[in-house]
Amino acid sequence: MSVLSAALLALPLIAAPYAAAQAVPNGYPADYAKTIDAAKKEGKLVIYSSTDQASATPLLDDFKKEYPFANVEYQDIGTSQLYSRFLAEAAAGSPSADLLWSSAMDLQVKLAADGYALTYASPESKNFAPENSYQNMAFGTTLEPAALIYNKRLVKAGDLPATHAAFAKLLSGGKLSGKLATWDPEKSGVGFTLMEYDNQSNKDFGAVSQGLGKAQAGLYSSTGAMLEKVVSGEALYGYNIIGSYALLRQQTVPDLGMKFWKDGTIAFQRVAFINKNAKAPNTAKLFLDYLLSRRGQLVMANKALIYSLRSDVAGKATRTTLTQQVGGAANLKIIAVDKRLLDNLVPATRNAFLDIWRKNVKGQ
């Protein structure tokens, strides 16, 4: 029996202790029942999230099974728009999200650091390392790789570059003009996070970015648009694409390939926090704890196919499988949820990176 099959079969058994209506989850303090009771009296839980609806639906459905009384309004919003919209609503005192869940790690930590997040001692925190949260306000929930995706019909497996240096050489060869897709870090929050960290951690980023410019790579603000370009064959490769979305798309498009770098693969954490002024703070706590729970992480790994963060989860998209795929823990470059992310938002630092990007990719 495969690991995935075993994990899927185990799901009902693991879910069984939660089947009793609104019981306190195993291992949680007894007074968690007060949080559940308070949540029953709240209105709908509003979530602003950059997680695609297709990936979020299995989690929302399973959360509803655990807490049938919960009424969730889920709004799928781009990372930069999510940040700007929340700030505007907070400034105006308008209704807003109770919980924000975004792949733009730096923007999420910025909001927490600026006083918009509720401090919360989650009963799940004991299952995570210090680099997975920021001051009990912002919590990493996933471990998602940035991958090279490609069209299997048009790219032979033997032609795939194994390292960034090899990819830079391929880009400079003059045969991929107009056949690349990657992030526009000036328009996408997660795109900026991935590219800036790539610049920090990858000695060949300069050569790669120059190659992207020479190849006149198309720049995009969403993973979905880049996946479409590669699936259609309009682009042969997509660079630094969110691996979770590519893995989910592979279930229906077998010609979509995904490769991780043997000289270092970036992995980010999708960060969640509860709005300090949430209208439904207790329901938001239930959802945050669900995302961090083994039950929620199992759904991520086996149904949503979002790479789970916890190490005690088995399935197709887990920390363990990812570590194996990239060639070992040393090749997994994890972006920590900490205050260093705020450096990305210092205007001088941000502009210094964008100046490099514009020069190398746009020739400006």
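What counts as what
Residues numbered from 1 in each chain as written. Predicted model: local features only at pLDDT ≥ 70, side-chain atom pairs only at ≥ 80, totals over all residues. Heavy atoms only, no water. Helix = DSSP H or I, 4+ residues; strand = E, 2+ residues; numbered from the N terminus. Rg over C-alpha atoms; globule rule 2.2 N^0.38 Å. Buried < 20%, exposed > 50% of the residue type's maximum accessible area, 1.4 Å probe, protein only. Contact = heavy atoms within 4.5 Å. Areas by Shrake-Rupley, 256 points an atom, 1.4 Å probe, with all protein chains shown as cover. Pairing = 2+ DSSP bridges. Axes fitted to C-alpha atoms, helices over the stretch in contact; angles between N-to-C directions. Core = buried A, V, L, I, M, F, W, Y, C linked by side-chain atoms within 4.5 Å. Right-handed = clockwise from strand over helix to strand, strands pointing away.

Draft legend 1. Fine view of the overall build of the protein. If you tally the helices and strands in the protein, you get 14 helices and 13 strands. For the protein, the C-alpha radius of gyration of 20 Å lies close to 21 Å, the compact-globule estimate for 364 residues. Projecting the C-alpha coordinates of the protein onto the three principal axes gives extents of approximately 65 × 55 × 35 Å. Relative to its 364 residues, the protein shows a buried fraction of 55%. Here the contacts in the protein between residues at least 6 apart in sequence split such that 78% fall between residues at least 24 apart. Approximately 14700 Å² of the protein is accessible, and the part contributed by carbon and sulfur atoms is 52%.

Draft legend 2. Summary view of the sheet that holds strand β5 (residues 138–140). Strand order across the open sheet formed by six strands is β2-β1-β3-β12-β5-β4, with mixed pairing between neighbours. Here the strands that pair on one side only, and so sit at the sheet edges, are β2 (72–76) and β4 (133–134). Direction of pairing for strand β1 (residues 45–49) relative to strand β3 (residues 99–102): parallel, over a ladder of three bridges. Each bridged residue has a counterpart across the sheet, and for Tyr48 the counterpart in β3 is Leu100. Against the sheet, helix α5 (residues 105–113) contacts β3, β4, β5 and β12 (271–274), and its axis sits at roughly 25 degrees relative to β12.

Draft legend 3. Highlighting the nonpolar core. The biggest cluster of nonpolar side chains holds 112 residues, and the ones touching the most others in it are Leu59, Leu99, Phe167, Leu180 and Tyr237. Among the elements that line this core, the one with the most residues is helix α11 (residues 281–292), at seven residues. Excluding its chain neighbours within four sequence positions, the residues that come into contact with Leu59 are Trp101, Tyr290, Leu291, Gly296, Val299, Met300, Ala304 and Ile306.

Draft legend 4. Expanded view of the pairing of β1. Counting buried positions along β1 yields five of five residues, so the element is predominantly enclosed. Pairing of β1 with β2 involves five bridges; the strand directions are parallel. Bridged to Ile47 within β2 is Tyr74. Since β1 and β2 lie parallel, the crossover through helix α3 (residues 53–66) that links them has a hand, and here it is right-handed.

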